[in-house]
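Structural description and commentary
What follows is each chain in one-letter form.
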Amino acid sequence: MKKFFTYLLIAIAAVAVIVLPSCVQQQAAAPKRSELTLSWSHDVGPLNPHMYDPNQMFAQDMIFEPLVNYSRGGKIQPGLAESWEVAPDGKSIAFQLRQGVNFSDGTPFNATAAKANFDQVLQNRQEHEWLGLIDALDRVEAQGDSVLKLYLKTPYYPALQELTLIRPVRFLSPAAFPDNGTTAKGIKAPIGTGPWTLANYQKDNQAVFKRNETYWGEKPAIEQITVKVIADGETRRLAFEKGELDFIYGNGEISLDSFKQMRDSGQYRAEVSQPLNTRAIAINSARGAAQDLKVRQAIQHSVNKDAIISAIFYGTEKKADTYFSTEVPYANIGLQPYAYDVERAKALLDEAGWRQPTGQSIRQKDGQPLTLDLSFSGKNNVDKAIGEAIQADLKAVGIDLKLLGEEKQSWLGRQTTGEFNLIFNDTWGPPYEPQAIVSSMRKPSHADYEALSGLPMKAEIDQKIGKVLLSTDETARQQLYRDILTTVHEQAVYLPISYSTNIAVLHKNLSGFEFMPQANQVPLSKLSKS
Amino acid sequence: MGETLLKRLTQHYVFQRILQLVPVLFGISLVTFLLIQLMPSDPATVVLRSMNVPTTPETIAAMRQKLGLDRPLAVQYLSWLWRVLHLDFGRSFVTDEPVLQSVLYYAPTTLMLTTCGAALILVIGLPMGILAALYRDSWFDQASRLFTYTGTAMPNFWLGFVLLYLFSYKLGWFGVTSRGSLADWILPAVTLAWTPAAIYARLLRSSMLDSLSQNYVLYARARGLLERLIVSRYVLKNALLPLSRFLG
């Protein structure tokens, strides 16, 4: 009997030794030069251009195109529209559509098809009302085959910026509209005019995109892109180093430790993008000790952002002194940064009446300790690490910061109800800045609104925001933005930490790589492989 | 006569167990349903956020009505139960796909992994446990002990990563991301089976040792039965009893 089991075990071991090595995959053998493989942490989704999650923006961007494109610094470039004209009263825009463009199924892209797409979006208005453009849009008309005219209820200057967004206003072939109902309920197939078409899709496994051979613009050098779903960052890195992936791209797709190791190894090309959006903390001016401007200013002076950036981000992000980076339109107005100055912070707190009792580390006023909370989504390890650093910094000046890590929905709930002292509230990056963020400062149910709600000049700020979005005069607009952004900065209601970036790690045989102007675009069309 | 009685009894027993499943499933569904009510976030708000609709009291009320969340809890539960009994599991709040379809989409992968995992647990755990008991305190026993310690000490996400690192990245035997061939199931199945196989082997060893010291074994040996027979007929049969629960 003993022998039998010994033999059995030996047999299993032998089978394992023989079978396992024979499983060696041949795929490492020269992946094709015309094909690229990358990975994403989520499935690309149904790729409905008019909808949000679970559609992944980068993949929507591969297939669907906007009327106009966004380039760095906020400049608007032609897209499916060759030119456009805004009426003097700002209440209508006429687009001259590009001729000879077809959807990848052969359906021509013309004013009728474009209008049909707008109508689908407008029938589902409520879902898109967060976007000022849709809120302002009254109706869309097709004039002939090649002119599309947008009529607005009120002038809305950022209309063109918001038409560059990846969703919801991009164009699906009318042949792919559902038979019943609107595209909000689902589409037949993701068919657009863009440089890529979806060739094969296996949910939660992979999606294969092929070059659109009838693309009107410059065709990509690569013929096929495979997007594999890998949820875990470390596995992504292994797959990349083994050569199964051609590049890694994004924000948070791999840990910054991995990025640093791969960058320092010198085996790969590692890149960091321009500043995209701002990692910031909103300070509620209507609640607790932070109602006092001096306390808010003291917080600004006590946080050592350089230390956070070098310890947590390994220098991959730039320090943020202002809520919007100077690259954002209208935001380059020379605001004075709050310097890291512990003594200054202490003096401000003293002035505000928060004294440090001898032998105690936390300041008090009228017997109450100076305690604030900082809310974040418990699973967000980066925010947690930043929170811990800030907690230590504030303790040094006598502020007790309680870290409140909760389930994501609870954290989002606090943003809308204002039940926070400090809360993580990142900006959305181009092309939403500054207009969409500024607009949300006057809409209840936004952390921005709640943060500003205790300011004595809140009504005045709201009024200026209302004006700036309607203004048709460039100089007046600049002045209004200058006023709004200066007040918000001086009132210290935002604690900007850093400007976040996308990172990319590429094998050295890839060329033609450059970062995209929008955070959620992945640069695929210009890549080539040798 | 005795045989038919036994047959009827087992049939009865199986039947009983199946009947018992009904209240158990009912209880699970009720508890799950109530647990969801305890969550701090309101499903209607979550759906609105995922759709990007501003969460104002009006939109939340409208969504609650649309999802039927405005009805009393008992009505919500009973209507869900009624539809489930007709095999209608409803639609996902977020993706709007039929729930059954989503479950069926992932079921083959889950089943395949479970089958491979269970097979590995038996193939590794069973002989290892038996040999470790028969050759108590030998080098093999020590090795199996080491296997158990590593198996129980390593969380499987870590084990999975280490296996990927060694066999996919360093040795290149498997793909990191590939899927489709039979070989691609090996690493996931090993990852899933390692810890249970280790525990299984250890449990089997101790219950084998327990059985080996019983009087009936002593008696069987005294009768001069073959050792092979003793181990397979008396010891293993009895030792497997406490383990059948674990595998189930």
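All values derive from a computational prediction rather than experimental measurement.

Secondary structure assignment for chain B yields ten helices and zero strands. Walking chain B from its N terminus toward its C terminus, one meets helices and strands in the order α-α-α-α-α-α-α-α-α-α. The C-alpha radius of gyration of chain B comes to 26 Å, more than 25% above the 18 Å expected for a compact globule of 248 residues. Taken over the C-alpha atoms alone, chain B extends approximately 85 × 60 × 35 Å along its principal axes. In chain B, which comprises 248 residues, the proportion classed as buried is 22%. Of the contacts made within chain B by residues no fewer than 6 positions apart, 61% connect residues no fewer than 24 positions apart.

Turning next to the overall build of chain A. When helices and strands are tallied, chain A shows 17 helices and 23 strands. For chain A, the C-alpha radius of gyration of 26 Å lies close to 24 Å, the compact-globule estimate for 530 residues. Overall, the C-alpha framework of chain A stretches about 85 × 75 × 40 Å when taken along its three principal axes. Going through the 530 residues of chain A one by one, you find that 45% of them count as buried. Long-range contacts, defined as pairs at least 24 residues apart, comprise 67% of the intrachain contacts of chain A with a sequence gap of at least 6.

It is worth spelling out the confidence of the model for chain B at this point. Averaged over every residue, the pLDDT of chain B is 83; residues scoring 70 or more account for 95%. For this predicted complex, the interface confidence score (ipTM) comes to 0.74, while the overall pTM stands at 0.82.

Residues and elements named next belong to chain A. Where helix H10 (residues 305-312) meets helix H12 (residues 381-397), the axes come as close as 10 Å, and the angle between the chain directions of the two elements is 140°. Judged on the interaxial angle alone, H12 and H10 are oblique. For the element pair H10 and H12, the recorded crossing hand is right-handed. For the pair H10 and H12, contact is made by Ala307, Ile308 and Ile312 and by Val382, Ala385, Ile386 and Ala389, respectively. Looking at the contact of H10 with H12, its residues break down into seven nonpolar, no polar and no charged.

Residues of helix H2 (residues 43-50) of chain B that are buried include every one of Ala44, Val47, Leu48 and Arg49 of chain B, and no others. Looking at the buried positions of H2 of chain B, the neighbouring elements they touch are helix H13 (408-417) of chain A together with helix H3 (57-67) of chain B.

All names here are of chain A. Strand order in the open sheet formed by six strands is E14-E20-E13-E19-E17-E18, and the pairing between neighbours is mixed. Unpaired on one side and paired on the other, strand E14 (318-319) and strand E18 (400-406) mark the two borders of the sheet. Bridge analysis of E14 against strand E20 (residues 494-500) gives two bridges, and the strand direction is antiparallel. Across the sheet, residue Lys318 finds its bridge partner in E20, namely Tyr499. Strands in contact with H10 are E14 and E20; relative to E20, the strand with the most contacts, it is inclined by about 35°.

Here we take up unusual backbone geometry. All names here are of chain A. Arg167 connects to Pro168 through a cis peptide bond whose omega is 10°. Here Pro168 shows up in the loop between helix H6 (159-163) and strand E8 (196-202). Along the chain, Glu433 connects to Pro434 via a cis peptide bond; the corresponding omega equals -5°. Relative to the elements of secondary structure, Pro434 occurs in the loop between strand E19 (422-424) and helix H14 (435-440). Phi at Leu47 takes a positive value of approximately 55°, unusual for a residue other than glycine. Structurally, the position occupied by Leu47 is in the loop between strand E1 (35-40) and helix H2 (57-63). Residue classification places Leu47 among the buried residues on the basis of 23 C-beta atoms within 10 Å. Unusually for a residue other than glycine, Tyr314 sits at a positive phi of about 45°. As for its position among the elements, Tyr314 is in the loop between H10 and E14.

It is worth spelling out the nonpolar core at this point. Ile281, Ala282, Ile283, Tyr494 and Val505 of chain A together with Ala193 and Ala197 of chain B are the most contacted members of the largest nonpolar core, which has 157 residues in total. For this core, the element with the highest residue contribution is helix H8 (residues 186-212) of chain B, accounting for 13 residues. In terms of nonpolar packing, the next biggest core, distinct from the first, is built from five residues, Ala44, Val47, Leu48 and Met51 of chain B among them.

Looking at chain A, the pLDDT average stands at 89 and 95% of residues meet or exceed 70. Low pLDDT, under 50, characterises residues 25-29 of chain A; the predicted model gives this stretch seven contacts beyond four residues in sequence or across chains.

Before going further, it helps to spend a moment on H13 of chain A. Along H13 of chain A, the residues classified as buried are Trp411, Leu412, Gly413, Arg414 and Gln415 of chain A. Looking at the buried side of H13 of chain A, the elements it contacts are strand E17 (371-377), E18, E19 and helix H15 (447-452) of chain A together with H2 of chain B. Two residues or fewer past H13 of chain A, Gly418 of chain A is found with a positive phi of approximately 80°.

With that settled, consider the packing of helix H7 (residues 156-170) of chain B against H8 of chain B. All names here are of chain B. Two numbers describe how H7 lies on H8: the axes approach to 9 Å, and their chain directions differ by 140°. Viewed along their axes, H7 and H8 adopt a mutual orientation that is oblique. Relative to H8, H7 is oriented so that their crossing is right-handed. Residues Asn156, Leu159, Gly160, Leu163, Leu164 and Phe167 of H7 lie in contact with H8, whose contacting residues are Leu187, Val190, Thr191, Leu192, Trp194 and Thr195.

Residues and elements named next belong to chain A. With antiparallel pairing, the four strands of this open sheet are ordered in space as E4-E5-E7-E6. In this open sheet, the two edge strands, each paired with only one partner strand, are strand E4 (81-86) and strand E6 (137-143). Averaged over neighbouring strand pairs, the angle between their axes works out to 20° when direction is ignored. Bridge count for strand E5 (residues 92-97) against strand E7 (residues 147-152) is five bridges, and the pairing is antiparallel. Within E7, the position partnered with Gln96 by the bridge is Val147. Of the strands in this sheet, E5, E6 and E7 touch helix H3 (residues 111-122), which is tilted by about 160° from E6.

Residues and elements named next belong to chain A. Turning to its location among the elements, Ala136 is positioned in helix H5 (residues 132-136). On the basis of neighbour counts, which here come to 21 C-beta atoms within 10 Å, the residue Ala136 falls in the buried class. Remark: the alpha-carbon pair of Ala136 and Leu470, spanning 334 residues in sequence, is separated by 10.0 Å.

Moving on: the environment of Ala476 of chain A. Structurally, the position occupied by Ala476 of chain A is in helix H17 (residues 474-490). In the structure, Ala476 of chain A is positioned 194 residues away from Ala282 of chain A in sequence and 28 Å away in space, judged by C-alpha atoms.

The rules we used
Residues numbered from 1 in each chain as written. Chains lettered and ligands numbered in written order. Predicted model: local features only at pLDDT ≥ 70, side-chain atom pairs only at ≥ 80, totals over all residues. Helix = DSSP H or I, 4+ residues; strand = E, 2+ residues; numbered from the N terminus. Rg over C-alpha atoms; globule rule 2.2 N^0.38 Å. Buried ≥ 20, exposed ≤ 12 C-beta atoms within 10 Å, placed from the backbone. Contact = placed C-beta atoms within 7 Å. pLDDT = per-residue confidence, 0-100. Axes fitted to C-alpha atoms, helices over the stretch in contact; angles between N-to-C directions. Parallel < 35°, antiparallel > 145°, perpendicular 65-115°, else oblique. Left-handed = near helix turned anticlockwise from the far one by under 90°. Nonpolar A, V, L, I, M, F, W, Y, C, P; charged D, E, K, R; others polar. Pairing = 2+ DSSP bridges. Core = buried A, V, L, I, M, F, W, Y, C linked by C-beta atoms within 7 Å.

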